[in-house]
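Spelled out, the chains give:
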Amino acid sequence: MSAVDSQTDMTDANRVTIFDTTLRDGEQSPGCSMNLEEKLQVADALEDMGVDIIEAGFPIASNGDFEAVREIGKRLKTSSVAGLARATRRDIDRAWDALKTAGRPRIHTFISTSPLHMKFKLQMEPDAVHQAVIDSVSHARDLCDDVEWSPEDGTRTEHDFLCRCVESAIKAGARTINIPDTVGYTVPAEFRALIEMLRNRVPNIDKAVISVHCHNDLGLAVANSLAAVEAGARQVECTINGIGERAGNAAMEEIVMALRTRRDAMPFTTGVKSQAITRASRLVSAITGFSVQPNKAIVGANAFAHESGIHQDGFLKHSETYEIMTPESVGLNRSTLVMGKHSGRHAFKVKLAEMGYGDLSDNAIQGAFQRFKDLADLKKDVYDEDILALIDDVVVRHNDHLRFVSLQVVCGTKGPQTAELEMTIDGEQKHAKAEGNGPVDAVFTAIKEIFPHEVKLQLYQVHAVTEGTDAQAEVTVRLEEDGRTVNGQGADVDTLVASARAYVNALNKLLVKREKSAPAALSA
Ligand code: KIV
Ligand code: ZN
């Protein structure tokens, strides 16, 4: 642990609590659903990286969310686990049912307070909303010591009413007051002034921690969150890779690294071990099928790449000429072990540990090692990116109902293009042969014969994991069924095999979505 990471005393007035909502607000965004096993993996990664509070779901929204909150709550030791609830007894009781066995439970309850939301969404008068704040927070506090309250659409709420509700929520027992910029509308100076206004005008504000929850519709979520911290907020709500409703939430990796890198300008600390950022980012991307854009700050593939001659020259003379933080500080290690077809199981295990995967089960390592050997037979140099792509493929998906086994394709100008496919459905071997308009169509048609379904293919995208003609292809497939969208990913040196893996991965996600009944009215 570096000196920077050890400066995280919770009693420190400049310590910012990190509240991660990847599993709730993040998971809520179209195409991002995760099954229980996947949520547990993300929760473990978040706890390992030192996240203070993990919002694990919205228990009343679905049985899947309920179960995830309950299981994550029981499992985690150091992170608090929050469950979301609207301002009704039913929601709050359901949240508590999921949380009561947790080591560190938190109920997070919310109601809209802006004129627009109260009139059109809630169809309630302000006085009734104010009473609901008191009733809901009091009820939550009767059940749980740690209660957070949020005025939804807080940044478009009238100041007098916001102050009145915040004061009452604190009186009723809320320990954290979270101000959401629900629609990503505010700008840094305005948000800073809003937090300052609350600190100046709400008489009991010192009895609660001020939190902020910013959406990224104008690309300002991180800037707004940091402005709020400067104004006195001491909890920031965020997600890995910035996933979330619409344009997403504030990206955790950007908040953590901005505070770490610019301690001179913003003297605040977090408890997050920044070296765990890359691994968490890749895990969330692999599970959700949401690739990270190459130029994304901190975790994009190009975030530490130097292409222009002038930059390379300066960088080689002194790295700080063009690098304000090191790749190592976010867990992107310069490799010490080069892997190839002569590398054995031991070297592979050491490599995995070097890349932050030292805790994989023997079974998972065996599966990944087998795929690595197959890959090394086809490809001279196996890069870290290749290994990460196959770990995503093997480790993250070991609980799937549908599994790809093998594929043989005939393609080229002499047609017809045919695909012969083997898959398993819940362990049962299946086989199909299909023709198509091109090899990809033949592969997808063969999958359809084995597992009949009606979906719309919204996106089919291929990119090379590394350079060279022998690079692995990473394919993303987006499917839509009855308004539900899912993304699947697959990697292989054979683009058609990667396509089949991606399609099967998307279908597995669709099965999770079908199980999960999440009416739109229950998203927050
Ligand atoms: O964006 C929002 O307002 C929310 C609340 C439930 C905190 O997600
Ligand atoms: Zn939100």
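Residues numbered from 1 in each chain as written. Chains lettered and ligands numbered in written order. Predicted model: local features only at pLDDT ≥ 70, side-chain atom pairs only at ≥ 80, totals over all residues. Heavy atoms only, no water.

Close contacts around ligand 1 come from twelve residues, with R24, D25, T182, H213 and H215 the closest. A distance of 3.1 Å separates an oxygen atom of ligand 1 from a polar side-chain atom of D25. Within the side chain of H215, one N or O atom sits 3.0 Å away from an oxygen atom of ligand 1. For the shell around ligand 1, the elements supplying multiple residues, two or more each, are α2 (22–26), β4 (105–112), β5 (147–152) and β6 (176–181). Classifying every residue of the shell around ligand 1 by side-chain character gives three nonpolar, six polar and three charged. (Near = heavy atom within 4 Å. Polar contact = N/O pair within 3.5 Å; in protein donor to acceptor, adjacent residues only side chain to side chain. Helix = DSSP H or I, 4+ residues; strand = E, 2+ residues; numbered from the N terminus. Nonpolar A, V, L, I, M, F, W, Y, C, P; charged D, E, K, R; others polar.)

The next subject is the sheet that holds strand β3 (residues 80–86). Taken together, the eight strands give a closed barrel; going around it, the order is β1-β2-β3-β4-β5-β6-β7-β8, and neighbouring strands pair in parallel fashion. The mean inter-strand angle of the sheet, taken between neighbouring strand axes irrespective of direction, is 25°. For strand β2 (residues 53–57) and β3, the ladder comprises four bridges, and the chain directions are parallel. Within β3, the position partnered with E55 by the bridge is A82. (Pairing = 2+ DSSP bridges. Axes fitted to C-alpha atoms, helices over the stretch in contact; angles between N-to-C directions.)

Another aspect to go through is the state of the cysteines. A complete count under the given rule lists zero disulfides for this structure. Here C163 is not cross-linked by a disulfide; its sulfur's nearest cysteine counterpart is in C165, at 9.6 Å. (Disulfide = S-S within 2.5 Å.)

So, about the pattern of salt bridges. For the structure on display, the rule yields 29 salt bridges. Residues K39 and E27 are paired through a salt bridge, measuring 3.6 Å at the closest nitrogen-oxygen approach. Separated by twelve residues along the polypeptide, K39 in helix α3 (residues 36–48) and E27 in the loop between α2 and α3 bring together distant segments of the chain. Neither K39 nor E27 differs from the other in exposure class; each is buried. (Salt bridge = Lys/Arg side-chain N within 4 Å of Asp/Glu carboxyl O. Buried < 20%, exposed > 50% of the residue type's maximum accessible area, 1.4 Å probe, protein only.)

The subject of this paragraph is the side chain of E237. With respect to the secondary-structure elements, E237 resides in strand β8 (residues 235–238). There is no salt bridge for the buried E237, and the closest opposite charge comes from R24, which lies 5.3 Å off by N-O distance. In terms of polar contacts, E237 uses its side chain to reach the side chain of Q235, at 3.1 Å. E237 has contacts with F19, H108, E148, N178, S211, V212, H213, C214 and A250, leaving out every residue within four places of it along the chain. (Lys, Arg positive; Asp, Glu negative; His and termini not counted. Contact = heavy atoms within 4.5 Å.)

Here P439 shows up in helix α17 (residues 439–450). Linking P439 and L496, residues 57 residues apart in sequence, is a C-alpha distance of 7.5 Å. If we ignore the near neighbours within four places in the chain, the residues touching P439 are V409, C411, Q417 and L496.

Turning our eyes to something else, we now look at the domain arrangement of the protein. Here the domain parsing of the protein yields domain 1 (15–288), domain 2 (304–330), domain 3 (335–395) and domain 4 (399–514). Inter-centroid distance (C-alpha atoms) of domain 1 to domain 4 is 37 Å. With eleven residues of domain 1 at the contact, the number on the domain 4 side is eight residues. Taken together, both faces of the contact between domain 1 and domain 4 bury some 780 Å²; the carbon and sulfur share is 38%. Broken down residue by residue, the surface that domain 1 buries against domain 4 is led by G31, S33 and N35, which jointly contribute 51%. A salt bridge links E38 to K509, with the nearest nitrogen and oxygen atoms 3.7 Å apart. The interface formed by domain 1 and domain 4 holds one residue pair in polar contact (both at pLDDT 80 or more) in total. Of all the elements, helix α12 (residues 277–288) adds the most residues to the side of domain 1 that touches domain 4, at four residues. Residue composition of the side of domain 1 that touches domain 4, grouped by class: four nonpolar, five polar and two charged. (Domains from an automatic or database assignment. Buried area = accessible area lost by both parts, 1.4 Å probe.)

With seven of its nine residues buried, strand β10 (residues 417–425) lies for the most part within the structure. Pairing of strand β9 (residues 402–410) with β10, which is carried by eight bridges, proceeds in the antiparallel orientation. Of the residues in β10, the one forming a bridge with L407 is L421. Looking at chain direction, β10 and strand β11 (residues 428–436) are connected through nine bridges and run antiparallel. Among the inter-strand pairings, Q417 is bridged to a residue of β11, identified as G436.

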